[in-house]
Amino acid sequence: MIMKSKFQLPLLIILLTLFFAACTTAATETKTVDIEKIKPTIQAMEDAFAAAEKAKDAAAVAVYYAEDATSYPRGKAPKMGNAAIKEDIAKNIAEDTSGNYNVYKVVDLFGEGNMLVEIGSWTKMNAAGTAVDNGHYMSYFENRNGKYVCVRDMSVASNPTK
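> For this particular structure, what's the right way to read a nonpolar patch on the surface?
A cluster of nonpolar side chains, Tyr72, Met154 and Val156, forms an exposed patch at the surface whose accessible area comes to about 260 Å². Take Tyr72: it is sitting in strand E1 (residues 65–72). For Tyr72, a relative accessible area of 32% translates into the label partly exposed.

Below, the structure written as structure tokens:
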């Protein structure tokens with residue numbers, strides 16, 4: 001009888017230890033993103049987007065987006081997939097005879113791991129360089145194969161009547 005009780009306590013401790021170890025989840029280490037280091041990269045992407053729009057190059061604009069991206073443009077139904085986004089951009093470019101162009105600016109950027117969220121502002125400029133409209137946008141990026149691509153974006157006008 002003494003032999004049986006000698007083994008019960010250590011066995012109970014071992015079983016409880018295994019139980020609690022199985023019930024706890026391992027903490028996952030999340031890679032920290034150096035926002036100040038990546039911000040110029042994202043701004044360069046926005047500048048390239050604007051330059052491609054101004055040059056009326058839909059293919060160069062669409063490079064911004066992942067193949068499985070969804071874009072929520074102002075006043076339109078969402079566009080799903082890079083091909084649909086590119087087609088919409090090409091249509092907008094073909095219809096635009098105003099000479100207006102957009103300027104994009106990173107306002108806020110945050111993220112962790114392989115994802116970033118950008119909040120930015122846009123200003124529509126006329127051919128003379130005067131602002132004629134403005135608003136904000138939000139873009140969600142994922143780092144895929146060492147390069148950030150936009151997976152979701154949405155844009156709103158500050159003055160939706162224009």
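Now, onward.
> Explain the nonpolar core to me, please; I cannot follow it from the model alone.
Across soluble globular proteins, you tend to see nonpolar side chains buried next to one another. In this structure, Ile42, Tyr65, Leu116, Phe141 and Tyr148 are the most contacted members of the largest nonpolar core, which totals 28 residues. Counting only elements with at least two residues in this core, the list comes to helix H2 (35–54), helix H3 (58–62), E1, helix H4 (82–95), strand E3 (101–112), strand E4 (115–125), strand E5 (131–144) and strand E6 (147–157). Here this core takes 7 residues from H2, the largest share from any one element. If sequence neighbours within four positions are ignored, Tyr148 has contacts with Val33, Ile38, Ile42, Met45, Asn114, Leu116, Phe141, Glu142 and Asn143.

> Help me understand unusual backbone geometry, please; the structure alone is not making it clear to me.
Excluding glycine, a negative phi dihedral is what most residues carry, and trans is how most peptide bonds are arranged. The phi torsion at Lys56 lies on the positive side, around 60 degrees, for a residue other than glycine. One non-glycine residue with positive phi stands out, namely Asn145, at about 55 degrees.

> In this structure, what is going on with the layout of surface pockets? I would like to understand it.
Approximately 1,000 Å³ is the volume found for the largest pocket. Lining the largest pocket are 38 residues, and of these Glu53, Arg74, Asn92, Asn102 and Tyr104 sit closest to its centre. Secondary structure elements with two or more residues in the lining of the largest pocket: H2, E1, H4, E3, E4, E5 and E6. When residues in the lining of the largest pocket are grouped by element, the largest group, 6 residues, is from H4. Taken together, the residues of the lining of the largest pocket sort by class into 16 nonpolar, 8 polar and 14 charged.

Each value, and the rule that gives it
Residues numbered from 1 in each chain as written. Predicted model: local features only at pLDDT ≥ 70, side-chain atom pairs only at ≥ 80, totals over all residues. Heavy atoms only, no water. Patch = residues over 30% accessible without salt bridge, like charges linked within 9 Å, V, L, I, M, F, W, Y side chains within 5 Å. Areas by Shrake-Rupley, 256 points an atom, 1.4 Å probe, with all protein chains shown as cover. Salt bridge = Lys/Arg side-chain N within 4 Å of Asp/Glu carboxyl O. Helix = DSSP H or I, 4+ residues; strand = E, 2+ residues; numbered from the N terminus. Buried < 20%, exposed > 50% of the residue type's maximum accessible area, 1.4 Å probe, protein only. Core = buried A, V, L, I, M, F, W, Y, C linked by side-chain atoms within 4.5 Å. Contact = heavy atoms within 4.5 Å. 1 Å grid on protein atoms, 1.4 Å probe; cavity = no way out; pocket = protein on both sides within 12 Å on 5 of 7 lines; lining within 4 Å. Points joined across faces, edges and corners; volume = space filled by probe spheres on them. Nonpolar A, V, L, I, M, F, W, Y, C, P; charged D, E, K, R; others polar.

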